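As a plain string of letters, each chain reads:
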2 protein chains.
Amino acid sequence: MSDTKILLPESDIPTHWYNVIPDLPGPLAPYVGPDGQPVPPEAMTAIFPPAIVEQEVSTERWIAIPEPVREALRLWRPSPLIRATRLEEALGTPAKIFFKYEGVSPAGSHKPNSAVAQAYYNREAGITRLTTETGAGQWGSSLALAGSLFGLDVRVYMVRVSYEQKPHRRSMMQTWGGEVIPSPSPLTETGRKALADDPDNPGSLGLAISEAVEEAAGREDTNYALGSVLNHVLLHQTVIGQETKRQLEIAGAYPDVILAPCGGGSNVGGMMFPFLADKAAGRDLRLVAVEPDSCPTLTRGHYAYDYGDSAGLTPIMKMYTLGHDFMPPGIHAGGLRYHGDSALVSQLYDAGVLEAVAVPQLATFEAGVLFARTQGIIPAPESCHAVRGAVDEALRAKEEGRERTILFTLSGHGHFDMASYDRYFAGELENYEYPEAAIHRALDNLPQIGG
Amino acid sequence: MSDTKILLPESDIPTHWYNVIPDLPGPLAPYVGPDGQPVPPEAMTAIFPPAIVEQEVSTERWIAIPEPVREALRLWRPSPLIRATRLEEALGTPAKIFFKYEGVSPAGSHKPNSAVAQAYYNREAGITRLTTETGAGQWGSSLALAGSLFGLDVRVYMVRVSYEQKPHRRSMMQTWGGEVIPSPSPLTETGRKALADDPDNPGSLGLAISEAVEEAAGREDTNYALGSVLNHVLLHQTVIGQETKRQLEIAGAYPDVILAPCGGGSNVGGMMFPFLADKAAGRDLRLVAVEPDSCPTLTRGHYAYDYGDSAGLTPIMKMYTLGHDFMPPGIHAGGLRYHGDSALVSQLYDAGVLEAVAVPQLATFEAGVLFARTQGIIPAPESCHAVRGAVDEALRAKEEGRERTILFTLSGHGHFDMASYDRYFAGELENYEYPEAAIHRALDNLPQIGG
């Protein structure tokens, strides 16, 4: 029998990250302040180590992965590329379906790929503590894991409502030595203010970011780490696409279409950027970001300058956005509820290099359950978006009677999201359809740069 | 860098199971009835398919694994053998530590290895439904997964208190299409009786077994499946040890000692039986079952004829036992709370081929946390027992300044056991020390065979 799982030796863990910046269709739009002036990279060193700040704007195409980072990645990488033969059979499709499975990391998603790099660079810069925020808990877990591997203390501000609803993600962070603080907290100015206004404040990702950044900015020994959106995070994730290319060679296959779930863009960038050179060389390859139709940043947002956070504290980035005060509904793919998108993904989407589709929540869970019952693995709700996209492509291939090769990233498992499946089975989940007016309202509040 | 993860291609999934029965130090003691007469294998066909009944008493050394079972195993097998270099460094030991990681299965433990085989043989026998019981949920999940892969309906009687405390394991089973019934239930005679006595009955594994067996015995289309203890279950698990032997060859290593967590014995048998031939040929190899000191079946029990269940409904087996009405405390390694042990493991332990150690609960969690913080993976509480055993061996090697090779099975991950870690961190867990008298009391109630 030929193998359904394409495995690589550890020597095939990439030695370099691929930096897409020199290959963008145009110059990278700088981060700017409210005055419209570019924010100098040095301004970021209050919360990021020099190496990360450098990577954020580097024009080097290949950046060497430090050996201690590769050593940490070896704990779970290379991740497998798997042919989903049972899913193919269940769909009766002539298409071949491959998925790259990132749920093999100890934290259960692709997020640790960047977390270990960020922990390493901070340790090298003499930093001993990191702060971050987490909603659903994927990123917080990943940074706690990375902290345990590199000997850094990690404090995670966890949105209070998640802290209470997802105690198991919290326990996971604590098992890796992470300190988990429900946000808003009395530990920061921002938190104290929020609690004074409302002692029962359930918290939000925006608030938690502000608390983590405030603490990092105010302490010499402490930096901040972010799990998506920024250029260096997407850079670190390109190990995914590089490994996949090697694995496809072994399988003797090449995709017609690649799909990845899209929230801040780290999974899309990590998988797809290494394939851009092939596309530029003339390969007929579609690259499709799959987003929730309840937070349709690429498919219904605007390409404009906007804040990265809801409070308007971050630099202003040119990106696809629904407006920084857009409040997406409480869908169960918490990792895809960001109002904006990575500047890199946005620019490539605007240039027509990347495509996007938006899918409704119920259809994503339906696809996730089909996947679990055929391939065994229960996907995270975020990953269910890519599964849905792949299933739709496979059904289209069946309709058209065409052999096609479909590749998607299964960004993580759903072991900590079973309550969402529960609600799906109980018929308690629903789709959200956004009236155009609601989106327009949020877009009215884009910052007036230099105004 | 040399690989820390020894991976095998799918063609190295064993083609045969290894049956230890012909290699036992003496004849296999038959299962008997209260009259002391052997139970004929045919008596088991009311609840098991013929192929399984045959395997239970087969004297063939090698039994071919049907191709559809190998096809199902391919979803996650071969599982990796991993060198725990970071744990070695943290301990400062001269020992090499390897672990076979069975948490890569979709259900998160080694249990699906037997579940897919049992589902297959039942389907071949024209059975369309399976019943089983589950406490912590590992086995119920595994059978639900196997049912989804082979198109069988699966009903799991889940101990009511677990049903309420572990909703995520329940959701997992439902995602694979399994039906989960809190036990005691109004669906069976046994359940109705228990509920009549006490409508708030929290349930027990013994009760759940009785409900599952009662239903299977009463329906033509339905059989029962068990996740440990019986000979055929240990047989199916020998893929673990066979793969490990091949992986050790590749690593150029051979263990001085192998450790596995021991509850019913499926992990011990699965890993260790394939190594018995080496030991018989003169290899200096220690095989150590690690059990909780709060349920010290091998280390403090008696080798005697006893019932497999607390109600005394099953055949009587010769095994190490604490007495079938021994009630172990509510420790967090639910899979290790069985009063007895597999007849095969018991016989080999009695003959001095296998050793056993008992470890206290707090020490197992301490080892599990150390493992998580060095190797990333968070072990299941059951698996923490083997980790503890391996750590103790490594520390002994350090004390003695001896190079040694230690191998253990990491039988599963702890993603569904984070509440137990939580309680450990909160200082709410304790050790249990059994007064000799308590054990003697339970042993007084062994069945009087033929009496």
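Note that the structure is a prediction, hence the values are computed from the model and not measured.

A. Geometry of the environment of R396 of chain A. Residues and elements named next belong to chain A. As for its placement among the helices and strands, R396 is situated in helix α17 (residues 381-400). Relative accessible area serves as the criterion here: at 40%, R396 is assigned to the partly exposed category. Only 3.2 Å separates the side chain of R396 from the side chain of E393, close enough to count as a polar contact.

B. Geometry of the interface of chain A and chain B. Between chain A and chain B, the residue contacts involve 48 residues of the former and 49 residues of the latter. Interface area, chain A with chain B, both sides summed: about 4100 Å², of which 54% is carbon and sulfur. Summed over the shared surface of chain A and chain B, the number is two salt bridges. Ionic pairing is found between K5 of chain B and E10 of chain A, a salt bridge with its closest N-O pair at 3.2 Å. Remark: the boundary between chain A and chain B carries 25 residue pairs in polar contact (both at pLDDT 80 or more). Within the residue set of the side of chain A that touches chain B, elements represented by two or more residues are α2 (67-73), α5 (138-150), α7 (167-175), α16 (361-375) and α18 (418-425) of chain A.

C. The UniProt feature "domain: Tryptophan synthase beta chain-like PALP" (unreviewed entry) in chain A, seen in detail. Mapped onto this numbering, the UniProt entry gives "domain: Tryptophan synthase beta chain-like PALP" (unreviewed entry) at residues 75-412 of chain A. Helix makes up 44% of residues 75-412 of chain A and strand 19%, with an end-to-end C-alpha separation of 16 Å.

D. Main features of empty space enclosed by the protein. With the rule as written, the count across this model stands at five cavities of 30 Å³ or more. Taken together, 36 residues form the lining of the largest cavity, with P80, Y101 and V104 of chain A together with Y101 and V104 of chain B sitting closest to its centre. Tallied by class, the residues present in the lining of the largest cavity amount to 23 nonpolar, eleven polar and two charged. Roughly 70 Å³ of volume is contained in the second largest cavity. If you trace the second largest cavity, you find it lined by T4, K5, I82, R83, T85, R86 and Q375 of chain A together with E71, R74 and L75 of chain B.

E. Inspection of the nonpolar core at higher detail. One finds W17, V116 and F273 of chain B to be the most contacted residues of the largest nonpolar core, which totals 101 residues. For this core, the leading source of residues is helix α5 (residues 138-150) of chain B, giving seven residues. Apart from residues no more than four positions distant in its own chain, F273 of chain B is found in contact with Y18, V20, L234, T238, V268, L344, V345 and L348 of chain B. Counting 99 residues, the second largest nonpolar core, distinct from the first, contains A115, A117 and L354 of chain A together with M418 of chain B.

F. Local environment of the relation of the copies chain A and chain B. Mapping chain A onto chain B is achieved by rotating through 180 degrees and translating by 0.0 Å along the same axis, at an RMSD of 0.0 Å. Overall, the copies show the geometry of a two-fold rotation axis. Closest approach to the rotation axis among the C-alpha atoms of chain A is made by H415 of chain A, whose C-alpha sits 3.3 Å away. Comparing contact sets, 100% of the residues at the interface of chain A also lie at the interface in chain B, consistent with an isologous, same-surface contact.

G. Quick look at the packing of aromatic side chains. Within this structure, the stated rule accounts for 30 aromatic pairs over all chains. Look at Y120 of chain B and Y121 of chain B: their rings are 5.3 Å apart centre to centre, the planes differ by 65 degrees, and that puts the pair in the edge-to-face class. The exposure class assigned to Y121 of chain B is buried, which follows from its relative accessible area of 10%. Centroid distance Y424 of chain B to F425 of chain B: 5.6 Å. Interplanar angle 55 degrees. Geometry classified as tilted. Site record: aromatic cluster; members linked through ring pairs are W17, Y120, Y121 and F150 of chain A. A cation over a ring is seen here: K245 of chain A above F275 of chain A, with NZ or CZ 5.6 Å from the ring centre. Directly above the ring of Y163 of chain B sits R170 of chain B, whose terminal nitrogen or CZ lies 4.4 Å from the centroid.

H. Main features of unusual backbone geometry. Residues and elements named next belong to chain A. Along the chain, S183 connects to P184 via a cis peptide bond; the corresponding omega equals 10 degrees. Along the chain, P184 turns up in the loop between β8 (179-183) and α8 (189-197). Even without being glycine, V229 reaches a positive phi, approximately 65 degrees. Relative to the elements of secondary structure, V229 occurs in the loop between β9 (222-224) and α10 (231-236). For V229, a relative accessible area of 9% puts it in the buried group.

I. Structural view of the state of the cysteines. Under the defined criterion, the tally for this structure stands at zero disulfides over all chains. C384 of chain A carries a free sulfur, and the closest cysteine sulfur to it, the one in C262 of chain A, is 16 Å from it.

J. View of the packing of helix α16 (residues 361-375) of chain B against helix α18 (residues 418-425) of chain B. All names here are of chain B. Packing of α16 against α18 brings their axes to within 11 Å, and their N-to-C directions diverge by 110 degrees. As far as their axial angle goes, α18 and α16 are roughly perpendicular. For the pair α16 and α18, contact is made by L362, F365, E366, G368, V369 and R373 and by S420, Y421, Y424 and F425, respectively. The residue makeup of the contact of α16 with α18, split by class, is six nonpolar, two polar and two charged.

K. Highlighting α5 of chain B. Residues and elements named next belong to chain B. The terminal C-alpha atoms of α5 lie 19 Å apart, and with 13 residues this matches the ideal 18 Å at 1.5 Å per residue to within 8%. Within α5, 13 of the 13 residues are buried, which leaves the element mostly enclosed by the surrounding structure. G151, located one to two residues past α5, shows a positive phi value of around 70 degrees.

L. Quick look at helix α9 (residues 205-218) of chain A. If you check α9 of chain A, its first and last C-alpha atoms are 20 Å apart, about what 14 residues at 1.5 Å a residue would give, namely 20 Å. Along α9 of chain A, the residues classified as buried are G206, L207, A208, I209, S210, E211, A212, E215 and A216 of chain A.

M. The arrangement of the sheet that holds strand β15 (residues 405-410) of chain A in detail. Residue and element names in this part refer to chain A. Reading across from one edge, β1-β4-β5-β15-β10-β11-β14 is the order of the seven strands in this open sheet, with mixed pairing throughout. Pairing within the sheet leaves two strands with one partner each, and these edge strands are β1 (5-6) and β14 (355-359). Bridge count between β1 and strand β4 (residues 81-83): two bridges; the pairing is antiparallel. Looking at β4, one finds that I6 is bridged to L81. Its contacts with the sheet place helix α11 (residues 239-251) against β1, β4, β5 (96-101) and β15, and it is angled at close to 140 degrees to β5. Where α17 meets the sheet, its contacts fall on β5, β10 (257-261), β11 (286-292), β14 and β15, and the angle it forms with β10 comes to roughly 155 degrees.

The rules we used
Residues numbered from 1 in each chain as written. Chains lettered and ligands numbered in written order. Predicted model: local features only at pLDDT ≥ 70, side-chain atom pairs only at ≥ 80, totals over all residues. Heavy atoms only, no water. Helix = DSSP H or I, 4+ residues; strand = E, 2+ residues; numbered from the N terminus. Buried < 20%, exposed > 50% of the residue type's maximum accessible area, 1.4 Å probe, protein only. Polar contact = N/O pair within 3.5 Å; in protein donor to acceptor, adjacent residues only side chain to side chain. Contact = heavy atoms within 4.5 Å. Buried area = accessible area lost by both parts, 1.4 Å probe. Salt bridge = Lys/Arg side-chain N within 4 Å of Asp/Glu carboxyl O. UniProt positions renumbered as here; feature names shortened; annotations may be inferred. 1 Å grid on protein atoms, 1.4 Å probe; cavity = no way out; pocket = protein on both sides within 12 Å on 5 of 7 lines; lining within 4 Å. Points joined across faces, edges and corners; volume = space filled by probe spheres on them. Nonpolar A, V, L, I, M, F, W, Y, C, P; charged D, E, K, R; others polar. Core = buried A, V, L, I, M, F, W, Y, C linked by side-chain atoms within 4.5 Å. Least-squares fit on C-alpha atoms with pLDDT ≥ 70 in both. Phe/Tyr/Trp six-rings, centres within 6.5 Å; stacked < 30°, edge-to-face > 60°. Lys NZ or Arg CZ within 6 Å of the ring centre and 35° of its normal. Disulfide = S-S within 2.5 Å. Axes fitted to C-alpha atoms, helices over the stretch in contact; angles between N-to-C directions. Parallel < 35°, antiparallel > 145°, perpendicular 65-115°, else oblique. Expected span 1.5 Å × (residues − 1). Pairing = 2+ DSSP bridges.

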